[in-house]
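Structural characterization, general
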Amino acid sequence: MNNHETEIQLIQITKKFGNFTAVQNVNLEIHHGEFFSLLGPSGCGKTTTLRMIAGLEEPTEGQICLAGEDVTYKPAYLRNVNTVFQDYALFPHMTVEENIHFPLKMKKVKYSSARTMIEEALSLVNMTGFGKRYPQQLSGGQRQRIALARSLVNRPRALLLDEPLGALDFKLRIAMQKVLKDIQKNVDITFIYVTHDQTEAITMSDRICVMKDGLIHQIGTPDEIYNSPASTFVASFIGDMNFLEGQVVQKGENSITIDVDGNPILSTRFKGSFSKGDSVVACIRPEKICLDKVCDSEFQNKFENHFQAAIHRIVFRGTDYEITLKFGQSEIRLIESASDFNDKKIGDQLFIGFQKDDVITYLKECKKVCDYETNLDN
């Protein structure tokens, strides 16, 4: 992948529907051959953004460029991009071969001339030999592959995918994620993928754009988004996160100390500037927290943050347990493997420990922590 070659550029894009602003001042550069995901809850503006790239919606303001060409007001059929939808949009009265031939037919390519291209497209999605079947004779995953083959047969500059795996069951979704990523590597075509599934975005993407309320909250690699979230919204939307509310009681040059229900928590990673007395939210991933029955010198030396808490809830998850502990009015969750669990029970008083570098702190907004948790139905 050539990171210096921009395939798609969105410049100050805004889209309004009457008085409602669906997308606001979006600036994006998507590189050639990149798997780029637009991620966010329903109504965040990701599908509207994709539709503007496809030419299915016109922006109210701003500019869209494809391979350096201004295509802002160019109709969809004149843009060298194809879109794959969740419902596949296959023609039921056409065979698989005829469905794949359709976009070539629209470009006046005869079937006899297109046969090699159709076979290559079928091979690309591992569906060789299915050409004479009809869509209703295929499973959901097979229909999705045919929809991909049809979109790739004329080798567009970019493939736009609007929640394409949403109609599939869990195991098939996981399998198709691998298929999609493998195909994308093989064809060297830019993929722009819309999803509200954070796991899907993290496992498949080269970079992710996290959106909410029509605004971009962060653009980065999966590692950057997960380990260095730019806001409490990103922290809550990507992966699992503990949110501990407290006050700054000490401020050093490279660290702050936060009082959370009488326990001092040291943090070396903070977004924004802080003063003593500020209300803040300290965030820590459950997998970064350890548990022990004793708080000996080895435990204290290993973890700068350590205090006692009581087990409040235990959830078995197959290979591990999610354990929720309470201290004061606060709760903290951690993940422990089944082999380390050792018959812990509700009410047990244990010691939790975690490192200062694993605590990311944000100024507390005029919201409660529960407001950071995202409801996908909103």
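Everything discussed here concerns the structure shown above.
Only a predicted model underlies this, so the values are computations on that prediction, with no experimental measurement involved. (Residues numbered from 1 in each chain as written. Predicted model: local features only at pLDDT ≥ 70, side-chain atom pairs only at ≥ 80, totals over all residues. Heavy atoms only, no water.)

Let us now look at the packing of aromatic side chains. Summed over all chains, the structure comprises 10 aromatic pairs. Note on phenylalanine 35 and phenylalanine 191: the rings are 5.6 Å apart at their centroids and 40° apart in plane angle, and the pair reads as tilted. On the criterion of sequence distance, the pair formed by phenylalanine 35 in strand β3 (residues 35-39) and phenylalanine 191 in strand β8 (residues 190-195) is long-range, its members being 156 residues apart. Here the two residues phenylalanine 35 and phenylalanine 191 agree in accessibility, since each one is buried. Between tyrosine 321 and phenylalanine 341, the aromatic rings sit 3.8 Å apart at their centres with planes inclined by 10°, giving stacked as the arrangement. One end of the pair, tyrosine 321, is in strand β18 (residues 320-327); the other, phenylalanine 341, is in the loop between β19 (330-337) and β20 (349-354), and 20 residues separate them in sequence. When its relative accessible area of 17% is taken as the criterion, tyrosine 321 is described as buried. By way of ring pairs, the aromatic residues Phe35, Phe191 and Tyr193 are connected into one cluster. (Phe/Tyr/Trp six-rings, centres within 6.5 Å; stacked < 30°, edge-to-face > 60°. Helix = DSSP H or I, 4+ residues; strand = E, 2+ residues; numbered from the N terminus. Buried < 20%, exposed > 50% of the residue type's maximum accessible area, 1.4 Å probe, protein only.)

Turning our attention to the pattern of salt bridges. This structure, assessed with the given rule, holds 16 salt bridges. One salt bridge in this structure joins glutamate 5 and arginine 157, with 3.8 Å as the shortest N-O distance. You can see glutamate 5 sitting in the segment before β1 (6-17) and its partner arginine 157 sitting in the loop between α4 (140-152) and β7 (158-162), a full 152 residues away along the chain. In this structure glutamate 5 comes out as partly exposed when scored by relative accessible area, which is 31%. The salt bridge involving lysine 364 is made with glutamate 245; its shortest N-O contact spans 2.8 Å. In this pair, lysine 364 is assigned in the segment after β21 (360-363) and glutamate 245 in strand β11 (residues 242-251), connecting sequence segments 119 residues apart. Given the relative accessible area of 33%, lysine 364 is considered partly exposed. Relative accessible area serves as the criterion here: at 30%, glutamate 245 is assigned to the partly exposed category. One network of salt bridges, with partners in common, ties together Glu5, Glu7 and Arg157. (Salt bridge = Lys/Arg side-chain N within 4 Å of Asp/Glu carboxyl O.)

What follows concerns the sheet that holds β21. Overall, mixed pairing links the 6 strands, which are arranged β13-β12-β11-β15-β21-β14 in an open sheet. Each edge of the open sheet carries a strand with a single partner, namely β13 (263-267) and β14 (269-271). Recorded for the sheet is a direction-independent mean angle of 40° between the axes of neighbouring strands. Taken together, the 3 bridges between β14 and β21 define a ladder with parallel strand orientation. Residue pairing in the sheet places arginine 269 in a bridge with isoleucine 360 of β21. (Pairing = 2+ DSSP bridges. Axes fitted to C-alpha atoms, helices over the stretch in contact; angles between N-to-C directions.)

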